[in-house]
Amino acid sequence: MKTGGAVVTVRLQGNMKDARKFISKLRFFVLAESLGGVESMVNHSASMSHHSMTKEEREEIGIHDTTLRLSIGAEAPEDLIKDLGIALAT
């Protein structure tokens, strides 16, 4: 890796079940409560760090059932892009 990593927030279409299905299809991104490290990680705040809040409370602060945070690690960018593409297509 020639430069630092990044954290990207995305919002998928669908519902919480769709978000969980997407996460289950990822092979390079590790599901994590806290983002940090050299490996790429995915965080689903609605079911992890903010699960004790109601859906309405989460949405009020911008955390939707399909909001994911991706922490980009040291893996080859083409591997990560392929991994995301496969998860989106299935």
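Provided above is the structure to which this section pertains.
Parameters at a glance
Residues numbered from 1 in each chain as written. Predicted model: local features only at pLDDT ≥ 70, side-chain atom pairs only at ≥ 80, totals over all residues. Heavy atoms only, no water. Core = buried A, V, L, I, M, F, W, Y, C linked by side-chain atoms within 4.5 Å. Buried < 20%, exposed > 50% of the residue type's maximum accessible area, 1.4 Å probe, protein only. Helix = DSSP H or I, 4+ residues; strand = E, 2+ residues; numbered from the N terminus. Contact = heavy atoms within 4.5 Å. Pairing = 2+ DSSP bridges.

Undergrad: Please explain the nonpolar core as it appears in this structure.
TA: Within soluble globular proteins, side chains that are nonpolar generally end up buried alongside one another. L12, F22, I23, L26, F29, V42, L68, L70, L80 and A87 together form the largest nonpolar core, which totals 10 residues. Contributions of two or more residues to this core are made by α1 (16-25), β4 (67-72) and α3 (77-89). Once you skip the residues sitting within four places of it in the chain, L68 turns out to touch V8, T9, V10, L12, F22, I23, V42, N43 and H44.

Undergrad: Sorry if this is basic, but what is going on with the pairing of β4 here?
TA: Working note: regular strand, side chains alternate between the two faces of the sheet. Examined bridge by bridge, strand β1 (residues 6-11) and β4 share six bridges and lie antiparallel to one another. Looking across to β4, one finds that R11 is bridged to T67.

Undergrad: How do you make sense of the side chain of H44 when you look at a structure like this?
TA: Note on placement: H44 falls in the loop between β3 (41-43) and α2 (55-60). Each residue touching H44, except ones within four places of it in the same chain, is listed here: M16, A19, I23, L31, D65, T67 and L68.

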